[in-house]
Amino acid sequence: MRVTIEAGFPYRFGAMTEGVLEGYRSASCVSAAAAAQELAAEMVPFNERLSLFVAQRLGIPDDPKSVRRALRAASERKGLGLSSANLSQWVSSPKGEVTLSPKSVFKLCVALDLDLVEAEHFVFDCLYQDWFNFRDREQCVYGLCLGMKDVLGQNVFQVAKELLREEPAAYGEPSFAPSDATGCTRLIGRGLRDLAGRDYASQEEAVFWMRAYLDECAPLFSGVRLSTVRCYRTYFDEGGVGITPLVELYQRRTGLVLPSASYLDMTDACGLPQKKRLLWGAAGRAAWVERNGRDWDILHESTIRTERHAVERMARTGYLRGNIVALLFFHCCFENAFLERNAFPGGDDLFARFYETTNLILIDECGMAPLHPRKPFDRLFLAALSKRGGQNPVHYLNEVLEQFYAS
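Residues numbered from 1 in each chain as written. Predicted model: local features only at pLDDT ≥ 70, side-chain atom pairs only at ≥ 80, totals over all residues. Heavy atoms only, no water.

(A) Here's a closer look at the overall build of the protein chain. Within the protein chain, the regular secondary structure consists of 20 helices and 0 strands. Excluding contacts between residues fewer than 6 apart, the proportion of contacts in the protein chain whose partners are at least 24 apart in sequence is 69%. Carbon and sulfur atoms make up 51% of the accessible area of the protein chain, which amounts to about 18000 Å² in all. (Helix = DSSP H or I, 4+ residues; strand = E, 2+ residues; numbered from the N terminus. Contact = heavy atoms within 4.5 Å. Areas by Shrake-Rupley, 256 points an atom, 1.4 Å probe, with all protein chains shown as cover.)

If you want it as structure tokens, here you go:
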């Protein structure tokens, strides 16, 4: 089934995901212990999700041997170079969190003969990870090739390799000059889909226009990490038009100064009192990981880093998606508390405000996937707002984490 996607705000990627989201919107209050049990019970292994999708897509039995054989055959037929070791790990190994490189995701999309819309559905709804970030040149190439799958035929992967071997165009003044990251993200995505929707007389003509578009967008490809850092700093400590930073909201509420790099750190080396740590519920995390393994950690290091040294490093290299989500959650909660204390409208629409604001920032500012109501990490924050009843959402979140890591 084809899914219609809004270029700027793609909420809906399949009935199952949308159904789970509606369940969160209308959820009744449950205890932190029950919420933690739900999170653990709903963790679907990566290999099961991938195997089921491939089996349904190709009309084959949903078993590891059949799925590996089908993907290996597609890889050989299309020259993708999918290794047997990777296929075995992806299809047979029961891991909770697996992050594939954009190149590996692209190879899977080509093997499954997915177009751009189907690929975005697959990456988001099945793999639970970011779709192709079109503000990165490599991933923009992948998006263009999938969008023009019909005209490129069996040469999708070969054309992508050819374009990636070419030197990027030297930076010049773009013909369009958006004033912020939102403009960049939407312009690139809209232009890419426009190119994919055109009719081409030949494959050569299509590749010509792909090259021209990549050259036109060249000045915009370098700014995605910078815009992510800028977004983080705006909401954490710098503020902006209509935005009171988290450190100021925290100080108004508690009278304390929130440490810039260690407010998520629960290691003993951190040396902070619990009241200055916003993820105090993760104190039992290290012991839990020893018992259960890193692959099932709800705060998986590929999603969020909490150690002080890692947060400090991300200020230079760009923040992980999970760090952005956590920051926006705490900002939304403390801002809501401030509004309620000062008799401004708040409370009732907290879930909707967090969900919509976070998605807009993730997609448009950071080039990342929106909140996923079935991804364990995202479910943690959505549940903290939808199932808490009248409890403080920050306290409820940490109580859920305590219960989760005590299991």
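(B) Spotlight on the pattern of salt bridges. Following the criterion strictly, the structure yields 18 salt bridges and no others. Close ionic contact of E38 with K387 constitutes a salt bridge, the shortest N to O distance being 2.4 Å. With E38 in helix α2 (residues 32–41) and K387 in the loop between α19 (376–386) and α20 (393–406), this residue pair connects regions lying 349 residues apart in the sequence. One network of salt bridges, in which partners are shared, links K78, D113, K149 and D150. (Salt bridge = Lys/Arg side-chain N within 4 Å of Asp/Glu carboxyl O.)

(C) Structural detail: the side chain of N398. Within the element layout of this structure, N398 appears in helix α20. A distance of 3.0 Å separates a polar atom in the side chain of N398 from the backbone nitrogen of W280. Reaching out from N398, the side chain makes a polar contact with the backbone nitrogen of G281 at a distance of 2.7 Å. Residues within four places of N398 in sequence aside, it is in contact with L278, L279, W280 and G281. (Polar contact = N/O pair within 3.5 Å; in protein donor to acceptor, adjacent residues only side chain to side chain.)

(D) Representation of helix α18 (residues 350–365) within the structure. In this model α18 runs 21 Å from its N-terminal to its C-terminal C-alpha over 16 residues, within 8% of the 22 Å that 1.5 Å per residue would give. Buried residues of α18: L350, F351, F354, Y355, T358, N359, I361, L362, I363, D364 and E365, and no others. Following α18 by one or two positions, G367 adopts a phi angle in the positive range, close to 65 degrees. (Expected span 1.5 Å × (residues − 1). Buried < 20%, exposed > 50% of the residue type's maximum accessible area, 1.4 Å probe, protein only.)

(E) Up close: helix α3 (residues 46–58). Here α3 is 13 residues long and its end C-alpha atoms lie 18 Å apart, about the 18 Å a rise of 1.5 Å per residue gives. Within the sequence span of α3, burial applies to F46, N47, R49, L50, S51, F53, V54 and A55. Buried residues along α3 sit in contact with α4 (64–78), α5 (84–92), α6 (102–111) and α7 (116–126). Two residues or fewer after α3 comes G59, characterised by a positive phi angle close to 70 degrees.

(F) Summary view of the confidence of the model for the protein chain. Per-residue confidence for the protein chain averages 84 on the pLDDT scale, and 87% of its residues sit at or above 70. Confidence drops under pLDDT 50 across residues 1–15; counting only partners more than four residues distant or on other chains, this segment forms 32 contacts. Ignoring residues within four places in sequence, the model shows residues 173–179, a span with pLDDT below 50, making 10 contacts including any to other chains. (pLDDT = per-residue confidence, 0-100.)

(G) Structural detail: the nonpolar core. Core analysis: the biggest nonpolar cluster contains 67 residues, and I298, L299, F329, F330, F354, L380 and F381 have the highest contact counts within it. The element best represented in this core is helix α17 (residues 321–341), accounting for 10 residues. Apart from the residues within four sequence positions on either side, F381 is in contact with V325, A326, F329, F354 and L397. Judged by nonpolar contacts, the second largest core, of 60 residues, contains L71, V91, L116 and F124. (Core = buried A, V, L, I, M, F, W, Y, C linked by side-chain atoms within 4.5 Å.)

(H) Seen up close, the packing of aromatic side chains. Tallied over the full model, the rule gives 16 aromatic pairs. Ring geometry for Y250 against F334: centres 5.6 Å apart, planes inclined by 65 degrees, an arrangement best described as edge-to-face. Note that Y250 is positioned in helix α14 (residues 246–254) and F334 in helix α17, a separation of 84 residues in sequence. Each of the two residues, Y250 as well as F334, counts as buried. Among the aromatic residues, ring-to-ring pairing joins F329, F330, F354, F377 and F381 into one connected group. Its guanidinium or amino end placed over the ring of Y128, R49 lies 3.8 Å from that ring's centre, counting from NZ or CZ. A cation over a ring is seen here: R198 above W209, with NZ or CZ 5.8 Å from the ring centre. (Phe/Tyr/Trp six-rings, centres within 6.5 Å; stacked < 30°, edge-to-face > 60°. Lys NZ or Arg CZ within 6 Å of the ring centre and 35° of its normal.)

(I) Inspection of the packing of helix α15 (residues 285–292) against α20 at higher detail. Remark: α15 packs on α20, axes separated minimally by 9 Å, with the N-to-C direction vectors making an angle of 35 degrees. Both α15 and α20 take part in a crossing whose hand is left-handed. Contact residues: R285, W288 and R291 in α15; F404, Y405 and A406 in α20. Tallied by class, residues from the contact of α15 with α20 come to 4 nonpolar, no polar and 2 charged. (Axes fitted to C-alpha atoms, helices over the stretch in contact; angles between N-to-C directions. Left-handed = near helix turned anticlockwise from the far one by under 90°. Nonpolar A, V, L, I, M, F, W, Y, C, P; charged D, E, K, R; others polar.)

(J) Region of interest: the packing of helix α13 (residues 224–238) against α17. Look at α13 against α17: their axes get within 10 Å of each other, and the N-to-C directions meet at 25 degrees. Comparing the axis directions of α13 and α17 gives the class roughly parallel. In this structure, the crossing between α13 and α17 has a hand that is left-handed. Contact residues: T228, Y232, Y235 and F236 in α13; N323, I324, L327, L328 and H331 in α17. Its residues assigned to classes, the contact of α13 with α17 comprises 6 nonpolar, 3 polar and no charged. (Parallel < 35°, antiparallel > 145°, perpendicular 65-115°, else oblique.)

(K) Structural context of unusual backbone geometry. Positive phi values are uncommon outside glycine, yet D113 reaches one of about 60 degrees. Looking at D113, the relative accessible area reads 38%, which means it is partly exposed. Of note, the phi angle at Y128 is positive, near 60 degrees, even though the residue is not glycine. With respect to the helices, strands and loops of the structure, Y128 is situated in the loop between α7 and α8 (137–147).

(L) Main features of the environment of M368. Relative to the elements of secondary structure, M368 occurs in the loop between α18 and α19. Along the primary structure M368 and R321 are separated by 47 residues, whereas in three dimensions their C-alpha atoms are 7.0 Å apart. Once you skip the residues sitting within four places of it in the chain, M368 turns out to touch D130, W131, T228, Y319, L320, R321, L362 and I363.

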